[in-house]
Amino acid sequence: MNLLSVSTTHTPSVPSYNGVMPPLLRTLRKTLFLLALLLAVALVPLAALSVWLTYDNANLAKALELAAREILHRDLAIGTLREARLGETTYLVAENVSLANPDWAELPNLASSAYLELEIDIPSLWQAGPVLIHSLVMERVELNLLAPSDQPSSWNFWPDRENKPADDSSPFPVIFSSGRVDSGLVRYIDPDRDVAVNIDKLRIGQESSSDQVNLQFSGLANEYPLSVRGNAGPFRSLFTGRNLGIDLDIKLGKLELRASGNATDLARLQGLAMDITADAPQSGPLLELLGLSQIRDGPLSFKGKVSPEGNGLALDAAGHLGEFDLQVKGSAKRPRQLDGVNAAFSIKGPSLAEAGAMFKLSDLPDIPYRAEGTLARNGSLLEISRGQVE
């Protein structure tokens, strides 16, 4: 029995070339053949390279070290590469990893970690916007950030390149979905400051229920207890800085700093509404970290409120540091450029020399001062009017 029967009554005509192929088709055929041949020739070394890299993690470690030297002009050392999965999302587990400082630095390494576990989105490294790190785990970390007056900062890998305008599509250059650091030391040294932050615990995690990214930190800053707790979200807003909420609590010694608010566009400082408060029975620890030890100690209190005003911002702030007092109320039409500013201010204190030190102004007389008035800036024009100085 025939299960399938096909009958045809018409056979389409096929052009016959009588063994002669038109020139266009001959060219196309030769071109495709050459492309296939070139592809095969290219794939052979690529396939061999892939096998060489993945067959032994030591081979991949060497390749990563060579790439870092070519790109960053620094020595990368990988003691042991335990695990590696390469792809659009790359996963690495390594031990005893270090990245060297420049030759002039007294401290040999810019960064080092006894244990490193990293899962990173590779396309985010060259695409516009922040670098996305899905997961980061580090143990026994050391980070040495050096900024001498006669050399480029130690984290500047290309000091001879022209500075390009920063990408303002996101306020955060790196975004973590999950992160953990157990024990570490971060140093920052410049002509005015020598700050050492000992990390006891650092945790970054995304909460699925609230779509927020949480931050928890505990440690010491120049031997003063330091703790940080905060959250920001929703998570997708971290990429753009739009419709973003932030809540942050910092404690340094007996200093308590709190900031909370939200922004329509944080990168451009648009639609920003935020409340900031700071209180401490003494300001010494903060002044030391800021490199302002020449300013006398005293109680610190500050309260500020930022709110939207058109496409700009309005500011209302008042505070005192010991006997130094500051009050300012005004607005800025272009806050990122500190332009279109119109504000009333009142300042007073026991030493003009100490007040000038806050702004790196030297050779001012050590006398009491008091001033009030209005300040306006539009472009290159700066006006101070209705001023009264005592």
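If you're wondering where the values come from, they're calculated on a predicted model, not measured in any experiment.

**Remarks on the overall build of the protein chain**
Consideration 1: For the protein chain, the count of helices and strands is five helices and 18 strands.
Consideration 2: The buried share of the protein chain, reckoned over its 390 residues, is 33%.
Consideration 3: Total accessible area on the protein chain is roughly 24,900 Å²; 58% of this is exposed by carbon and sulfur atoms.

**Concerning a nonpolar patch on the surface**
Consideration 1: Taken together, the side chains of Met358, Phe359, Leu361 and Leu364 present a nonpolar region at the surface, about 380 Å² in accessible area.
Consideration 2: With respect to the helices and strands, the residue Leu364 is situated in the loop between helix H5 (352-357) and strand S17 (369-378).

**A word on the pattern of salt bridges**
Consideration 1: For the structure shown, the criterion picks out 18 salt bridges.
Consideration 2: The closest approach of N and O atoms between Asp75 and Arg69, which form a salt bridge, is 2.9 Å.
Consideration 3: Judged by relative accessible area, which is 45%, Asp75 ranks as partly exposed.
Consideration 4: Note on Arg69: relative accessible area 36%, which makes it partly exposed.
Consideration 5: Measuring nitrogen to oxygen at the nearest pair gives 2.8 Å for the salt bridge that ties Glu83 to Arg85.
Consideration 6: You can call Glu83 partly exposed: its relative accessible area is 33%.

**What to know about the environment of Trp104**
Consideration 1: With respect to the secondary-structure elements, Trp104 resides in the loop between strand S2 (89-100) and strand S3 (109-121).
Consideration 2: When the C-alpha positions of Trp104 and Gln151 are compared, they lie 8.3 Å apart, and in sequence the two are 47 residues distant.
Consideration 3: If we skip the residues at most four places from it in the chain, Trp104 touches Leu146, Pro148, Gln151, Pro152 and Ser154.

**Some words on helix H2 (residues 57-72)**
Consideration 1: For H2, which comprises 16 residues, the first-to-last C-alpha distance of 22 Å matches the rise-based estimate of 22 Å (1.5 Å per residue) to within 8%.
Consideration 2: Taken together, the buried positions of H2 are occupied by Asn59, Leu60, Ala61, Glu65, Ala68 and Leu72.
Consideration 3: After H2 finishes, the residue His73 shows a positive phi value of roughly 60°.

**Description of the nonpolar core**
Consideration 1: If you look at the biggest cluster of nonpolar residues, it comprises 43 residues, and the most contacted ones within it are Ile78, Leu81, Phe217 and Leu226.
Consideration 2: For Leu81, the contacting residues outside a window of four places in its chain are Asn57, Leu60, Ala61, Leu92, Val93 and Ala94.
Consideration 3: Counting 14 residues, the second-largest nonpolar core is a separate cluster that includes Leu238, Ala259, Ala263 and Leu272.

**A few points about the confidence of the model for the protein chain**
Consideration 1: Overall, the predicted model of the protein chain reaches an average pLDDT of 84, with 82% of residues at or above 70.
Consideration 2: Segment residues 1-21: pLDDT under 50, and four contacts once partners within four positions in sequence are set aside and those in other chains are kept.
Consideration 3: This stretch, residues 23-44, has a pLDDT under 50; its non-local contacts, to residues over four places away or in other chains, come to three contacts.

**So, unusual backbone geometry**
Consideration 1: A cis amide bond links Gly233 with the next residue in sequence, Pro234, at an omega value of 0°.
Consideration 2: Here Pro234 is to be found in the loop between strand S9 (224-233) and helix H3 (237-240).
Consideration 3: Phi at Ser183 takes a positive value of approximately 65°, unusual for a residue other than glycine.
Consideration 4: In this fold, Ser183 is placed in strand S6 (residues 178-189).
Consideration 5: Judged by its relative accessible area of 30%, Ser183 falls in the partly exposed class.
Consideration 6: Despite not being glycine, Asn243 has its phi angle at roughly 50°, a positive value.
Consideration 7: Mapped onto the fold, Asn243 is located in strand S10 (residues 242-252).
Consideration 8: Overall, Asn243 belongs to the exposed group, its relative accessible area being 58%.

The rules we used
- Residue positions within a chain follow its written sequence, with the count starting from 1.
- For this predicted model, a pLDDT threshold of at least 70 governs which residues receive local features, and a threshold of 80 or more governs which side-chain atom pairs are given and counted, while totals over whole chains, interfaces and linings are taken from all residues.
- Hydrogens and waters are ignored; side-chain quantities use all the structure's heavy atoms.
- In this description a helix means any DSSP run of H or I spanning at least four residues, a strand means any run of E spanning at least two, and both kinds are numbered starting from the N terminus.
- Each residue is placed in one exposure class: buried if its accessible area under a 1.4 Å probe, protein chains only, is under 20% of its type's maximum, exposed if it is over 50%, and partly exposed if it falls in between.
- Methods summary: accessible areas were calculated by the Shrake-Rupley approach with a probe of 1.4 Å, and residue burial reflects only the protein chains presented.
- Here the term patch refers to residues with relative accessible area over 30% and no salt bridge, with like charges joined within 9 Å and nonpolar side chains (Val, Leu, Ile, Met, Phe, Trp, Tyr) within 5 Å.
- Each reported salt bridge corresponds to a side-chain nitrogen of Lys or Arg within 4 Å of a carboxyl oxygen of Asp or Glu.
- The contact criterion used is simple: two residues touch if any of their non-hydrogen atoms lie within 4.5 Å.
- Take the number of residues in a helix, subtract one, and multiply by 1.5 Å to get its expected span.
- Joining through side-chain atoms within 4.5 Å is the link that ties buried Ala, Val, Leu, Ile, Met, Phe, Trp, Tyr and Cys residues into a set, and such a set is a nonpolar core.
- Per residue, pLDDT measures the predictor's confidence, with a range of 0 to 100.

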